Amino acid sequence: MDSLEKSNTPSLDSYWMPFTANRQFKASPRMLVAASGMHYTDIDGNKVLDGTAGLWCVNAGHGRKEIATAVERQLTSLDYAPSFQMGHPIAFEFAERLAAVAPGVGDQRLDRIFYTGSGSESVDTALKIAIAYQRAIGQGTRTRLIGRERGYHGVGFGGISVGGLVNNRRVFPQLNGSDHLRHTHDLTRNAFVKGVPEHGAELADDLERLVALHGAETIAACIVEPVAGSTGVLLPPKGYLERLRAICDRHGILLIFDEVITGFGRLGANFATDLFGVLPDIVTTAKGLTNGVIPMGAVFTSRNVHDALMQGPEGQIELFHGYTYSGHPVACAAGLATLDVYMSEGLLTRAAHLESQWHDAIHSLKSAPNVIDIRTIGLVAGVELSPREGAIGARAYDVFVDCFKKGVLIRVTGDIIALSPPLIAEPEHFNTIVEVLGDALQKAA
Ligand SMILES: Cc1ncc(COP(=O)(O)O)c(C=O)c1O
């Protein structure tokens, strides 16, 4: 495509950008104007390899015609329809299709599906469903929500209450009574591991501590990311998730997996739930649900949770919760087309086939300057750097800017580089990422 003239760009003043150092960005902006396959094109016409699938969402790669066509067809037939006391077939069709690939196996699938507009909405929905479920089964004192240190569950008040990132929490009040498990990140025992680390299953027992502290009869649910992405790619130690499940069962606590990132093939299986063989009661999703092209989230619940709420007079609304855009027909069309692409190209399991090449490529950066850990699973990698003295995050930010200039988009959180290319990636893309990142690490030394 033609290079766009910088003079054509609009004023940068009015747009208050999310999770961005606005003044720093506007002084030296990075603008993307197009995307196709594995690449973005920036405003100067340079190709930028997408090492992050956008924000962990463009799993089938950019510019998929199949999805665009489905969206266009939907926009010109039924552009919007309300979902409160009304229905439209495509929302039911999408839910039926999702139910067939839902987390779990056979009749154990979490095949009751509530639509939202984003990951944050999915999390808050899941937390509310958990509390409503406990009340419906006569456990109304269970309103406490347990998250985990270093967890990220979006930016709603529910999500930040169970989330464990101080910058997302310190300014805002949180839900009364929420508490946190210790995180599982342990560089002394688990550095430079391919796949899940050996040590740390016992950290799940921290839930027993919280039960002893608060009383099980006050706890509705425990939410964790099976693999934490946004907080720097933190993997569950072997046996950890199983142990968490067992403790939840022992104490009547619902287990929620936040699969906003891990859902839809990121780890080489439909969901992390399937990969690890641990079935939670509720799974939250968004991002890859529609390949990121139309905002949408979905909460998958067990029939047990769903059916407990389908009680009382039939004319009564069972759950006082929902969004104007729940089941948006255009998002459903995008989701159906996305699912078709995933299925026809085997993308939900493709990461499993690419995994060893991906692991080897990324772990080749082990001896690059300031690298203190590399962790990989599916098509995800975390490269942790030692911080510059007194300037946490500065080194990784420099690496990010340098990589972008050299044509590779990476993501950084603190001093951790997170990589998650679209699931259509080929080994040659891994090589480019490693080459450019290796260079940038040298430069930032
Ligand atoms: C695990 C997890 N949960 C929730 C969210 C929030 O999703 P959204 O930004 O769509 O609200 C994210 C976003 O990165 C996430 O990684």
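The structure contained in this document is the topic of the report that follows. (Residues numbered from 1 in each chain as written. Predicted model: local features only at pLDDT ≥ 70, side-chain atom pairs only at ≥ 80, totals over all residues.)

Quick notes on unusual backbone geometry
Stage number 1. The phi torsion at Phe192 lies on the positive side, around 55°, for a residue other than glycine.
Stage number 2. Following the sequence through the fold, Phe192 ends up in the loop between helix H8 (187-190) and helix H9 (206-214).
Stage number 3. Judged by local crowding, Phe192 falls into the partly exposed class, with 15 C-beta atoms found within 10 Å.
Stage number 4. Even without being a glycine, Val233 presents a positive backbone phi close to 60°.
Stage number 5. Along the chain, Val233 falls in the loop between strand E7 (219-224) and helix H10 (240-251). (Helix = DSSP H or I, 4+ residues; strand = E, 2+ residues; numbered from the N terminus. Buried ≥ 20, exposed ≤ 12 C-beta atoms within 10 Å, placed from the backbone.)

What to know about the pairing of strand E5 (residues 144-148)
Stage number 1. Burial within E5 is extensive, with five of its five residues counted as buried.
Stage number 2. Going residue by residue along E5, you find Arg144, Ile146 and Arg148 tucked away on one face and Leu145 and Gly147 tucked away on the opposite face as well.
Stage number 3. Pairing between E5 and E7: three bridges, direction parallel. Across the sheet, the residue bridging to Ile146 is Cys222, located in E7.
Stage number 4. Pairing of E5 with strand E6 (residues 179-181), which is carried by three bridges, proceeds in the parallel orientation. (Pairing = 2+ DSSP bridges.)

Observations concerning the nonpolar core
In a soluble, globular protein the nonpolar side chains are often hidden away together inside.
Stage number 1. One finds Ala130, Ala221, Cys222, Leu244, Leu254, Ile256 and Ile282 to be the most contacted residues of the largest nonpolar core, which totals 126 residues.
Stage number 2. By residue number, the principal contributor to this core is helix H13 (residues 329-344), which donates 10 residues.
Stage number 3. Residue contributions to this core reach at least three from each of two domains, namely domain 1 (6-60 + 346-443) and domain 2 (71-344).
Stage number 4. Filtering out sequence-adjacent residues up to four positions away, Ile256 remains in contact with Ala126, Ala130, Ala221, Cys222, Ile223, Pro280, Asp281, Ile282 and Thr284. (Core = buried A, V, L, I, M, F, W, Y, C linked by C-beta atoms within 7 Å. Domains from an automatic or database assignment. Contact = placed C-beta atoms within 7 Å.)

Remarks on the sheet that holds strand E12 (residues 380-385)
Stage number 1. Strand order in the open sheet formed by four strands is E11-E12-E15-E14, and the pairing between neighbours is antiparallel. Here the strands that pair on one side only, and so sit at the sheet edges, are strand E11 (371-377) and strand E14 (411-413). Strand-to-strand twist across the sheet, computed as the mean angle between neighbouring axes with direction ignored, equals 20°.
Stage number 2. Note that E12 and strand E15 (residues 416-419) share four bridges and pair antiparallel. Bridging across to E15, Ala381 finds its partner in Leu419.
Stage number 3. On top of the sheet, helix H15 (residues 394-405) reaches E12, E14 and E15; it is set at about 170° to E14, its chief contact. (Axes fitted to C-alpha atoms, helices over the stretch in contact; angles between N-to-C directions.)

Side note on the sheet that holds strand E3 (residues 47-50)
Stage number 1. Across the sheet, four strands lie side by side as E1-E2-E3-E13; this open sheet has mixed pairing. Edge positions in the open sheet fall to strand E1 (32-36) and strand E13 (408-409), since each of these has one partner strand only.
Stage number 2. Two elements, strand E2 (residues 39-42) and E3, share three bridges in a ladder whose sense is antiparallel. The residue of E3 that forms the bridge with Tyr40 is Val48.

Structural notes on the packing of helix H3 (residues 65-75) against H13
Stage number 1. Between H3 and H13, the shortest axis-to-axis distance is 8 Å and the interhelical angle comes to 155°. Considering their axes alone, H3 and H13 lie roughly antiparallel with respect to each other. Along this stretch, H3 crosses H13, giving a crossing that reads as right-handed. Along its contact with H3, which presents Glu66, Ile67, Ala70, Val71, Arg73, Gln74 and Leu75, the element H13 presents Pro329, Val330, Ala333, Ala334, Leu336, Ala337, Thr338, Asp340 and Val341.
Stage number 2. Residue composition of the contact of H3 with H13, grouped by class: 11 nonpolar, two polar and three charged. (Parallel < 35°, antiparallel > 145°, perpendicular 65-115°, else oblique. Left-handed = near helix turned anticlockwise from the far one by under 90°. Nonpolar A, V, L, I, M, F, W, Y, C, P; charged D, E, K, R; others polar.)

Remarks on H9
Stage number 1. Within H9 the residues assigned to the buried category are Leu207, Leu210 and Val211. In a view along the axis of H9, the buried residues occupy a sector of 105°, so they form one face of it. Facing away from the buried surface of H9 by more than 90 degrees, the exposed residues are Arg209, Ala212 and Leu213.
Stage number 2. Looking at the buried positions of H9, the neighbouring elements they touch are E5, E6, E7 and H10. (Arc of directions from axis to C-beta.)

What about the environment of Met17?
Stage number 1. Residue position: Met17 is located in the segment before helix H1 (22-27).
Stage number 2. Note on Met17: 11 C-beta atoms within 10 Å, which makes it exposed.
Stage number 3. Excluding residues that lie within four positions of it along the chain, Met17 makes contacts with Asn22 and Phe25.

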